[in-house]
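# Structure at a glance
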Amino acid sequence: MSSIFALLDCNNFYVSCERLFNPRLEGRPVVVLSNNDGCIIARSNEAKALGIKMGEPFFKCCGLIAAHQVQVFSSNYPLYGDLSQRVMDVLCQLEPEVEVYSIDEAFVRIPQAKEEALLENGRHLRATVKKQVGIPVSIGFGSTKTLAKIANRIAKKRPEHGGVFALPDQGLDALLATIDVGDVWGIGPRQSQKLFACGIRTALDLKNGNDTWLRKHLTVTGLRTAMELRGISCLPLEDIPPPRKSITSSRSFGQPVTDLAWLREALSSYIAIAAEKLRAEEMKTRCVQVYLTTNRFREGDPQYANSKTVTLPIHTSSTLELIHYGAEALRQLFRPGYAYQKVGVVFMDLVSASHAQGHLFYAPPKGQESLMRAVDKINRRWGRDTLHSAAAGFLRPWKHKQGRKSPSYTTSWNELPVVSAPSIVKTTGRAA
DNA sequence: TCTGGGGTCCTAGGACCC
DNA sequence: TCTGGGGTCCTAGGACCC
């Protein structure tokens, strides 16, 4: 029996998370910034209406933001991650076949049904998430993932549908003719430009494109997208996430760094973050890539960017071992006389911890695994960085900016929201 | 002054093999 | 006059996603 895909997408997710604990933000323009308070990565509808663009550098729209009293927040991933989990939990309780696609999106596979039944189901999901978590979502239905994406877009952009929309069988082409080809999932700016130049301007044009031409100019992924627009499902629901292939950790510095010792500190702390994730997923790595780069936007400055990959004797998940190899790679990469903007680490060649190969002639340092288990346990209980490698430093002058972060309301005991009823209780705590 | 971070997939081209 | 064909594996770079 054929099935239908639904895409559930949280509206302006990070902004909605901020509003949940700060209702005064309702109806006002709000934006959330990327790490290091660099770019705009989430906007309320009011902020979008002001013309603030996604991905725009913060410093470029400061004027607009001040003039309209736009509320600005640093990103608060512990909060967003926790609320995302709650949304997905609700969804999984209501639907058996769910693929969590990103922090704010999930695909659901449901049996084929009449349009009105789909819409009814969607309205129920939407109301339940709103009631139990408080986050507004939009839901779109289509016969493939790509079509569900388009339906979701229509649900979000056209308020008359009340946040839920199902693509009809009749008149689908007329709808696709209203969608820019660049707004189709999988068609990015480069391909969009190429397609436009060749007269393919809408989703309908792409759907009707010539297969040989599409294969040649957009590769198999582009052809797959066209097939999906025709209602031929090429992208299955991945309700069991495939094993992860790499883990990255990197940050831009709050200010340029020239000194190898500071770079090593920063790198060590990023390695610690990535290694913690590695252990949390019960995996090990044998391949560590370190990279560093100067600020490419400062065209007058001398530029340098490079990376080095080292292969370890055997797989490991020990922060200390990984820092050891990472630091050596960094030492080889480092060139004096540059103002560095970022270092980062990538773990590749990941295997499940229980399937890691041993080595006939190499014995890993003893006691690392139990040490790391203890460190993780302490940090889970008392907060990240309660216990960390000395290599990751203490002063951390390189640390990124995060000047406008809201509290971690739902994940830190010290930052719980405080609700007060002034006529009854005089609060002594910090106001929420 | 100030421009994010973390992923995946695909292809072309080189190295190497028989 | 005349220099094969077919295959695998690896990597760097590009494109896309949120």
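These numbers were taken from a predicted model, which means no experiment stands behind them.

Within the fold, E228 resides in helix α10 (residues 211–229). This buried residue, E228, is left without a salt bridge; K145 holds the nearest opposite charge, at 7.5 Å. Discounting residues that sit within four places of it in the chain, E228 has contacts with T144, K145, T146, L147, S233, C234 and L235.

Looking now at the nonpolar core. By size, the foremost hydrophobic cluster in this structure holds 36 residues, and its most contacted members are F13, I135 and F141. Mapped onto this core, the elements with two or more residues apiece are β1 (3–10), α1 (13–20), β2 (30–33), α4 (77–94), β6 (105–111), α5 (115–132), β7 (137–142) and β8 (164–166). In terms of residue count, α4 provides more of this core than any other element does, seven residues in total. When residues are assigned to domains, this core turns out to be shared by domain 1 (3–10 + 80–229) and domain 2 (13–76), each giving three or more. For I135, the residues in contact, after removing those within four places along its chain, are C10, F13, S16, C17, L20, V87, V129 and K130. Ranked by size, the runner-up nonpolar core spans 31 residues in total, among them A266, M283, A329 and Y340.

This paragraph deals with the protein's contact with DNA strand C. Surveying the vicinity of DNA strand C reveals 13 residues, the closest of which are S102, D104, K149, G186 and Q191. Near the protein, within 4 Å, the atoms of DNA strand C are sugar or phosphate in 100% of cases. Between DNA strand C and W185 there is a distance of 3.2 Å, counted from a sugar or linking oxygen to a side-chain nitrogen or oxygen. In this structure, I187 approaches DNA strand C through a main-chain N or O atom, which is 3.3 Å from a phosphate oxygen. Elements that contribute at least two residues to the surface near DNA strand C include exactly β5 (98–102) and α8 (189–197). Looking at the surface near DNA strand C element by element, the count peaks at three residues for α8. The residue makeup of the surface near DNA strand C, split by class, is five nonpolar, four polar and four charged.

Once that is clear, we can look at the confidence of the model for chain A. Per-residue pLDDT for chain A averages 93, and the proportion of residues at 70 or more is 97%. Predicted confidence for residues 425–432 stays below pLDDT 50, and this span has seven contacts to residues more than four positions away or in other chains.

A few words now on the environment of A226. Of note, A226 is situated in helix α10. Spatially, the C-alpha atom of A226 lies 7.7 Å from that of N208, the residues being 18 residues apart in sequence. The contact partners of A226, leaving out residues within four places of it in the chain, are L206, K207 and L214.

Turning our eyes to something else, we now look at the sheet that holds β8. Judged by pairing direction, the sheet is mixed, and its five strands sit side by side in the order β5-β6-β1-β7-β8 without closing on themselves. Of all strands in the sheet, those bounded by a partner on one side alone are β5 and β8. Across the sheet, the mean angle from the axis of one strand to that of its neighbour is 20°, orientation sign disregarded. Note that β1 and β6 share seven bridges and pair antiparallel. The residue bridging F5 from the neighbouring strand is R109, located in β6. Across the sheet, helix α6 (residues 145–157) touches β1, β5, β6, β7 and β8, and the angle it forms with β7 is around 140°.

Analysis parameters
- Residues numbered from 1 in each chain as written.
- Chains lettered and ligands numbered in written order.
- Predicted model: local features only at pLDDT ≥ 70, side-chain atom pairs only at ≥ 80, totals over all residues.
- Heavy atoms only, no water.
- Helix = DSSP H or I, 4+ residues; strand = E, 2+ residues; numbered from the N terminus.
- Buried < 20%, exposed > 50% of the residue type's maximum accessible area, 1.4 Å probe, protein only.
- Lys, Arg positive; Asp, Glu negative; His and termini not counted.
- Salt bridge = Lys/Arg side-chain N within 4 Å of Asp/Glu carboxyl O.
- Contact = heavy atoms within 4.5 Å.
- Core = buried A, V, L, I, M, F, W, Y, C linked by side-chain atoms within 4.5 Å.
- Domains from an automatic or database assignment.
- Near = heavy atom within 4 Å.
- Polar contact = N/O pair within 3.5 Å; in protein donor to acceptor, adjacent residues only side chain to side chain.
- Nonpolar A, V, L, I, M, F, W, Y, C, P; charged D, E, K, R; others polar.
- pLDDT = per-residue confidence, 0-100.
- Pairing = 2+ DSSP bridges.
- Axes fitted to C-alpha atoms, helices over the stretch in contact; angles between N-to-C directions.

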